[in-house]
Amino acid sequence: MSTALTARERMLGRLRAAAPSAPEAVDTIDTAIDNHYQARRAAAPLPARHRIAAMQAALRAAHAEVDCVSADAWPALLAQRLGEHGVHRLLLDTGSAEGQALRAALPQGVSALSFDRPLAQWKGELFDTVDAGLTVARSGIAATGTLVIAPDAATPRTVSLAPPLHICLVYASSLHVDLHAAARAERWADGMPANLVLVSGPSKTSDIQQTLAYGAHGPRWLWVLIIDDLPAHEGGQP
């Protein structure tokens, strides 16, 4: 105990004796951060098509199901999987281009629902009867397999949180190498959305014995479709 106290006193003494330093200007810090990430990306470039593979690998490591599919083929593929999974009620933005495309491909027995009522009016129905929710990601972060979702009135946070299955579409052209690249390219500093959601896998938790359980605090399953909207020759810049 005396040794620990002595070490603590020495540490505090050094801190008290240290001369105060002037804080760095914000612009200086921003420049240093930019230089760090730019140098790292230059040393290990990740062209656009390689980001797709990196995104898939990271999402699968997080226990998500992920496929890369063409802009023409995804509605039929997803509609087939919904039927096989036993989905009967799907929550989505029926006014969006993606919502309309999927709605037209849905088989009989799968109903498309809009989030067009206040939550308080149908909370019981939503939590008890809706099988899946569809969102379209604003972008993705390849290094970590992260979906960047900006909830809005048609697809509030509840759509990706309450149903046991969350399905997310993300366009290959919107994939960034890392979080820094996403923040810079999308100019988050100029006005970050009040409710920007970062999703990297299905909901999971573990107890003190490290037993992993899925779906405890959100969707048990996450399906991601990376829509390949890149030109066939696209390699992309890092």
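All values reported here derive from a predicted model rather than from experimental measurement.

Read from one edge to the other, the open sheet built from six strands follows the order E1-E12-E7-E4-E2-E3, with strand pairing classed as parallel. Here the strands that pair on one side only, and so sit at the sheet edges, are strand E1 (65-70) and strand E3 (111-113). The sheet shows a mean angle of 25° between the axes of neighbouring strands, direction not considered. Pairing analysis gives three bridges linking strand E2 (residues 89-91) to E3, with the strands arranged parallel. Bridging from a neighbouring strand, Leu90 pairs with Ala112 of E3. Sheet contacts for helix H3 (residues 48-61): E1 and strand E12 (221-228); angle to E1, the most-contacted strand, approximately 155°.

Let's shift gears to the packing of aromatic side chains. The description of two aromatic rings rests on the distance between their centres and on the angle between their planes. For the structure on display, the rule yields one aromatic pair. Centre to centre, the rings of Phe115 and Trp122 are 5.3 Å apart; their planes meet at 70°, and the pair counts as edge-to-face. Accessibility expressed as a relative area gives 2% for Trp122, which makes it buried.

Turning our attention to the pairing of E12. Taking burial as the measure, the eight residues of E12 include six buried ones, the bulk of the element. In terms of strand pairing, E1 meets E12 through six bridges, oriented parallel. Its bridge partner lying in E12, Asp67 is registered against Leu225. With seven bridges joining them, strand E7 (residues 165-171) and E12 adopt parallel strand pairing. Bridge pairing links Val170 to Ile226 in E12.

Time to look at the state of the cysteines. The tally for this structure, following the rule as stated, stands at zero disulfides. With no disulfide partner, Cys68 has as its closest neighbouring cysteine sulfur the one in Cys168, 14 Å distant.

The next subject is the pattern of salt bridges. Taken as a whole and assessed by the stated rule, the structure comprises nine salt bridges. Asp178 is the salt-bridge partner of Arg41, the closest N and O atoms lying 3.0 Å from each other. Taken together, the positions of Arg41 in helix H2 (residues 26-43) and Asp178 in the loop between strand E8 (175-176) and helix H8 (179-185) put the pair 137 residues apart, joining distant regions of the chain. Residues Arg41 and Asp178 agree in their burial class; the two are buried.

Moving on, we get to the side chain of Glu186. With respect to the element layout, Glu186 can be found in the loop between H8 and strand E9 (197-199). A distance of 2.9 Å separates a polar atom in the side chain of Glu186 from a polar atom in the side chain of His176. Apart from the residues lying within four places of it in its own chain, the contact partners of Glu186 are Arg138, Ser139 and His176.

Quick notes on the rules
Residues numbered from 1 in each chain as written. Predicted model: local features only at pLDDT ≥ 70, side-chain atom pairs only at ≥ 80, totals over all residues. Heavy atoms only, no water. Pairing = 2+ DSSP bridges. Helix = DSSP H or I, 4+ residues; strand = E, 2+ residues; numbered from the N terminus. Axes fitted to C-alpha atoms, helices over the stretch in contact; angles between N-to-C directions. Contact = heavy atoms within 4.5 Å. Phe/Tyr/Trp six-rings, centres within 6.5 Å; stacked < 30°, edge-to-face > 60°. Buried < 20%, exposed > 50% of the residue type's maximum accessible area, 1.4 Å probe, protein only. Disulfide = S-S within 2.5 Å. Salt bridge = Lys/Arg side-chain N within 4 Å of Asp/Glu carboxyl O. Polar contact = N/O pair within 3.5 Å; in protein donor to acceptor, adjacent residues only side chain to side chain.

That is the geometry; function is a separate question.
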